[in-house]
Amino acid sequence: MSSADVTPVKSAERTVHILETLAASPVKLTLAQLQERMGYPRSSLHALIRTLRELKWIEADESGSAFGIGPQALVAGTSYLERDPALDLGTQTLEDLRAEIGCTAHYARRDDADVLYLASREARTSTRMVSRVGRKLPASVTALGQVLLAQLTPAELDKLLPAELPALTPASITSKPELYAELEAIRSRGWSLEKEQGTPGIACIAVAVEYRIPATDAVSCSFSAEKATDAEVERIASALVRHVSGLGTTLRRRGIR
């Protein structure tokens, strides 16, 4: 039986949407705010919130009227990371890159039209304290996402990408023809480069990890956009290609897919 033959169970689908909505919100949400965003009947929404709270998938604020993701969600997410067969080696690659280049390094996986950050190693000189692990960003505006989108055919891209590409900054690519031209350039040189498309002031270079076909994972190094000279870009890209190629070879030799 294919996934297309399975009819979603309404309560399960709503439960997942509640968790996704709370996870995406930077602040706790009240029942009224959840209802406004999701459009579910208040009675069924209230029952699901109560159950999720009892099971510790969500938690309430001191007033008991606003809700956010709870500790059980962290337990489940940590279990995913711990059981991923590629991540130990991927994390070591991040350590090696940080030691050699001095940049912040990320390991991410494409999830449909987004990229999910699985591991990060901050540059030792970085003052940023917020980890990206567990975050999703649109693939079209990140170097990690673009290098993975470049693995797909135009037909696959047309089916995958939304009609309107999201913009996170004024520099974000929002035109499909422009994005497709950039993906063709990435295929030619073997790595991606974006400047301030995802985060103001930050440039990023990424290389796909070649152990699946098409590649689902990528490694990146991010650094100040002011330092993105031709010489610096070439230095970082060269090191990335070398380290990530070695990672892909090791994963394939170990039979990890």
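Each remark here, short or long, concerns the structure printed above.
Residues numbered from 1 in each chain as written. Predicted model: local features only at pLDDT ≥ 70, side-chain atom pairs only at ≥ 80, totals over all residues. Heavy atoms only, no water.

Consider a sheet: its strands pair through backbone hydrogen bonds, and that pairing is either parallel or antiparallel. On the basis of which strands lie adjacent, the open sheet formed by six strands has the order S6-S5-S4-S9-S8-S7 and antiparallel pairing. This sheet does not close on itself; its edge strands, each paired only once, are strand S6 (136-138) and strand S7 (192-195). Adjacent strand axes in the sheet meet at a mean angle of 30 degrees, parallel and antiparallel pairs treated alike. Sheet analysis places strand S4 (residues 104-111) next to strand S5 (residues 114-121), joined by seven bridges and oriented antiparallel. Paired with Ala-108 across the two strands is Tyr-117, which belongs to S5. Of the strands in this sheet, S4, S5 and strand S9 (217-224) are in contact with helix H5 (residues 87-101), which crosses S5 at around 65 degrees. Sheet strands in contact with helix H9 (residues 230-253) are S4, S7, strand S8 (202-209) and S9, and its direction is about 30 degrees off that of S8. (Pairing = 2+ DSSP bridges. Helix = DSSP H or I, 4+ residues; strand = E, 2+ residues; numbered from the N terminus. Axes fitted to C-alpha atoms, helices over the stretch in contact; angles between N-to-C directions. Contact = heavy atoms within 4.5 Å.)

So, on to the packing of aromatic side chains. Scanning the entire structure with this criterion turns up zero aromatic pairs. One residue, Arg-14, lies across the ring of Tyr-40, its end atom 4.8 Å from the ring centre. The cationic tip of Arg-189 hangs over the ring face of Trp-191; the distance from NZ or CZ to the ring centre is 4.7 Å. (Phe/Tyr/Trp six-rings, centres within 6.5 Å; stacked < 30°, edge-to-face > 60°. Lys NZ or Arg CZ within 6 Å of the ring centre and 35° of its normal.)

Within the largest apolar cluster, 29 residues are counted, with the highest numbers of intra-cluster contacts made by Tyr-107, Ile-205, Val-209, Val-219, Cys-221, Ile-236 and Leu-240. Listed by contribution, the elements that provide at least two residues to this core are H5, S4, S5, S8, S9 and H9. Counting residues per element, this core draws most heavily on H9, which supplies eight residues. Membership of the second largest hydrophobic core comes to 25 residues, among which are Ala-113, Ala-150, Leu-183 and Ala-206. (Core = buried A, V, L, I, M, F, W, Y, C linked by side-chain atoms within 4.5 Å. Buried < 20%, exposed > 50% of the residue type's maximum accessible area, 1.4 Å probe, protein only.)

Glancing now at the pairing of S7. A one-sided burial pattern is seen for S7, the buried positions being Ser-192 and Glu-194 and the unburied ones Leu-193 and Lys-195. Examined bridge by bridge, S7 and S8 share four bridges and lie antiparallel to one another. Each bridged residue has a counterpart across the sheet, and for Ser-192 the counterpart in S8 is Ala-206. Between the antiparallel neighbours S7 and S8 lie six residues, among them Glu-196 with a positive phi of about 60 degrees.

Moving on, we get to the packing of H5 against H9. Direction vectors running N to C along H5 and H9 enclose 155 degrees, while the axes themselves pass 10 Å from each other. Compared by their axis directions, H5 and H9 come out roughly antiparallel. Crossing of H5 over H9 shows right-handed handedness. Residues Leu-89, Gly-90, Thr-93, Asp-96, Leu-97, Glu-100 and Ile-101 of H5 pack against Arg-235, Ile-236, Ala-239, Leu-240, Arg-242, His-243, Leu-247, Thr-250 and Leu-251 of H9. Here the residues of the contact of H5 with H9 are counted per class, giving eight nonpolar, four polar and four charged. (Parallel < 35°, antiparallel > 145°, perpendicular 65-115°, else oblique. Left-handed = near helix turned anticlockwise from the far one by under 90°. Nonpolar A, V, L, I, M, F, W, Y, C, P; charged D, E, K, R; others polar.)

Attention now moves to the pattern of salt bridges. Considering all chains together, one arrives at 10 salt bridges under this definition. When the shortest N-O distance is used, the salt bridge between Glu-95 and Arg-98 registers 3.0 Å. Taken together, the residues Glu-95 and Arg-98, both in helix H5 and three residues apart, mark about one turn of the helix. Using a relative accessible area of 26% as the deciding quantity, one classes Glu-95 as partly exposed. Looking at Arg-98, the relative accessible area reads 14%, which means it is buried. One network of salt bridges, in which partners are shared, links Asp-84, Arg-109, Arg-212 and Asp-217. (Salt bridge = Lys/Arg side-chain N within 4 Å of Asp/Glu carboxyl O.)

This part takes up the layout of surface pockets. Computed from the structure, the largest pocket encloses a volume of approximately 1,100 Å³. Ala-23, Ala-73, Gly-77, Leu-116 and Gly-134 are, among the 28 residues lining the largest pocket, the residues nearest its centre. Those elements that place two or more of their residues in the lining of the largest pocket are helix H1 (10-24), strand S3 (66-69), helix H4 (71-83) and S5. For the lining of the largest pocket, the element with the highest residue contribution is H4, accounting for seven residues. Of the residues assigned to the lining of the largest pocket, the class counts are 19 nonpolar, five polar and four charged. Contributing to the lining of the second largest pocket are 33 residues, with Thr-104, Ile-202, Ser-222, Phe-223 and Ser-224 lying nearest its centre. Within the residue set of the lining of the second largest pocket, elements represented by two or more residues are S4, helix H6 (143-149), S8, S9 and H9. A class-by-class count of the residues in the lining of the second largest pocket yields 12 nonpolar, 12 polar and nine charged. (1 Å grid on protein atoms, 1.4 Å probe; cavity = no way out; pocket = protein on both sides within 12 Å on 5 of 7 lines; lining within 4 Å. Points joined across faces, edges and corners; volume = space filled by probe spheres on them.)

Everything listed here is a matter of coordinates, which is why it stays silent on function.
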